[in-house]
Amino acid sequence: MARRFLYLVAVAIAAVIAAAIALSLWSREATQIAFVPRGAFVAQPQLADNAYQDPAMWYSRPGIGTGDPARYQPAVEGPAKVAEDSDVPGFAVFFVPPTSYIKVDGNWNAALNDRATDERARLFLRGLASPFNPADEIWAPRYRQAAAGAFLTDRPEAQQAIDAAYADVRQAFRFFVDSIDSGKPIVLAGHSQGAAHVLRLLREEVAGTPLARRIVATYAPGWPISVEHDLPALPIPACASAQQTGCLLAWSAFAEGGDPVMVMERYHATPGLDGQPRGTGPILCVNPLTGGTGGSAPAGANLGTLVPDSALTRGRLVPGAVPARCGDGGLLYIGDPPAMGEGVLPGGNYHVYDIPLFWANLQRDVVTRVKAWTASRS
């Protein structure tokens, strides 16, 4: 099992390194050539209405057992804290995986039988969805995600691919809602492309419905949200405190002094959810160490960062590893670059580690909000 995990980590890291080299050495135009599919968009057949009844359409869901990647529990080093409260109310998590489809083979969307994409997705879920494992239900769907290059171009095929990926996510979400107990509290979460799809679910499936009252919180790290042009168009506010419910958490982690130019150029060039240019305004930063918008917290407030070992076979929770400070532009700065392995992108961009950097705090955060939500309805 350890060797298989090492293989999966190596595959994922190789993909990250390839992207990092491209971003650091090539121009924006050359990066698009390298990662944007060159063929026309070809729509894949629509999924059957009952597609998500099949357990094989889920990376995580009730009943999978020991093979569920979202149930991964890292080892604890020293005084690192994990949520061991036996009095956690029942709640369900819908987690949308990030991009793990990086092929440039002419297809704008992954196929459901793409083994490499699936293996990367399962690996990512071990580090990204596992903080939510106090939930009695975690659901993470397979979906025909858009290629990484779809987020690097203005070509119309890119939006078609993103829309096609979202259609799968929406279908999975509707099955999830129909499958859990009526009235059960819900946590929505995703990272990167997954975060973008979760935000769209909020607008199109949750806003103005009875379901809105059941949303404990939405976690959307790794996707820049404009304070001026995106946030007002969403049906929930940013989280102002750790006790608040029905609110949104988002951040993008960089080392102190990091250079976000490659990320922010694309962000500034795309319209916000209100249809207006985002411009150079700040992005949303909810500090994962405090649970509130803006501000800073020292490394001592970090209950445990999920750090991979040198062999890349397992991870351990290390307390006090990194601080967190929301900068003026909304990026989340984590002090001097911590040693997290080969997944750090150029410019001190810790995108791959947006969640693992604050693993134990996020686990506590979701438990705190679920308890607050439940208490408010007692």
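Residues numbered from 1 in each chain as written. Predicted model: local features only at pLDDT ≥ 70, side-chain atom pairs only at ≥ 80, totals over all residues. Heavy atoms only, no water.

Here we come to the sheet that holds strand S11 (residues 296–297). Taking strand neighbours across the sheet as the criterion, the four strands line up as S8-S15-S14-S11 in an open arrangement whose pairing is mixed. With partners counted over all chains shown, the strands left at the sheet margins are strand S8 (253–254) and S11, one partner each. Summarising the sheet, S11 and strand S14 (residues 324–326) pair through two bridges and their orientation is antiparallel. Paired with alanine 297 across the two strands is alanine 324, which belongs to S14. (Pairing = 2+ DSSP bridges. Helix = DSSP H or I, 4+ residues; strand = E, 2+ residues; numbered from the N terminus.)

Inspection of the entire model under this criterion finds 13 salt bridges. A salt bridge links aspartate 118 to arginine 142, with the nearest nitrogen and oxygen atoms 3.1 Å apart. You can see aspartate 118 sitting in helix H3 (residues 115–128) and its partner arginine 142 sitting in the loop between strand S4 (137–141) and helix H4 (156–179), a full 24 residues away along the chain. Taking relative accessible area as the criterion, aspartate 118 reaches 13% and is therefore assigned buried. For glutamate 204, the salt bridge identified is with arginine 200, shortest N-O distance 3.0 Å. Of the two residues, glutamate 204 and arginine 200 both sit in helix H5 (residues 193–206), four residues apart, roughly one turn of that helix. A relative accessible area of 43% means that glutamate 204 is categorised as partly exposed. On the accessibility criterion, arginine 200 (24% relative accessible area) is partly exposed. Three or more residues are tied together by salt bridges with common partners; here these are Asp136, Glu137 and Lys184. (Salt bridge = Lys/Arg side-chain N within 4 Å of Asp/Glu carboxyl O. Buried < 20%, exposed > 50% of the residue type's maximum accessible area, 1.4 Å probe, protein only.)

Another aspect to go through is H5. The α-helix advances 3.6 residues per turn, and as a result positions three or four apart in sequence lie on the same side. Compared with an ideal rise of 1.5 Å per residue, which puts 14 residues at 20 Å, H5 spans 19 Å between its outermost C-alpha atoms and is within 8% of the ideal. A large share of H5 lies buried, amounting to 11 of its 14 residues. Structurally, H5 contributes buried residues whose contacts are with strand S3 (92–96), H4, strand S5 (186–190), strand S6 (215–219) and strand S7 (247–249). One or two steps after H5, the chain reaches glycine 208, where phi turns positive at roughly 75 degrees. (Expected span 1.5 Å × (residues − 1). Contact = heavy atoms within 4.5 Å.)

Sheet architecture is open: three strands sit in the order S2-S13-S12, paired in mixed fashion. The open sheet has two edge strands with one neighbour each: strand S2 (75–76) and strand S12 (305–308).

A few words on the packing of H4 against H5. At a minimum axis separation of 10 Å, H4 and H5 run at an interaxial angle of 65 degrees. For the pair H4 and H5, the crossing hand works out as right-handed. Of the residues in H5, those in contact with Gln159, Ile162, Asp163, Ala165, Tyr166, Val169, Arg170, Phe173 and Arg174 of H4 are Gln193, His197, Arg200, Leu201, Glu204, Glu205 and Val206. Across the contact of H4 with H5, the residue classes tally to seven nonpolar, three polar and six charged. (Axes fitted to C-alpha atoms, helices over the stretch in contact; angles between N-to-C directions. Left-handed = near helix turned anticlockwise from the far one by under 90°. Nonpolar A, V, L, I, M, F, W, Y, C, P; charged D, E, K, R; others polar.)

Turning to the side chain of arginine 266, a few remarks are in order. Inspection of the secondary structure assignment puts arginine 266 in helix H6 (residues 261–269). One polar contact links arginine 266 to aspartate 154, side chain to side chain, over a distance of 2.9 Å. (Polar contact = N/O pair within 3.5 Å; in protein donor to acceptor, adjacent residues only side chain to side chain.)

Right, let's get into the confidence of the model for the protein chain. Per-residue pLDDT for the protein chain averages 88, and the proportion of residues at 70 or more is 87%. Confidence drops under pLDDT 50 across residues 1–27; counting only partners more than four residues distant or on other chains, this segment forms 42 contacts. (pLDDT = per-residue confidence, 0-100.)

Between its first and last C-alpha, helix H7 (residues 359–376) extends 26 Å over 18 residues, near the 26 Å set by a 1.5 Å rise per residue. Residues of H7 that are buried: Trp359, Ala360, Asn361, Leu362, Gln363, Asp365, Val366, Val367, Arg369, Val370, Ala372 and Trp373.

Counting buried positions along S4 gives five out of five residues, so the element sits mostly inside the fold. Burial along S4 is two-sided: Glu137, Trp139 and Pro141 facing one way and Ile138 and Ala140 facing the other are all buried. Pairing analysis gives two bridges linking strand S1 (residues 58–60) to S4, with the strands arranged antiparallel. Note on S4: the bridge partner recorded for serine 60 is alanine 140.

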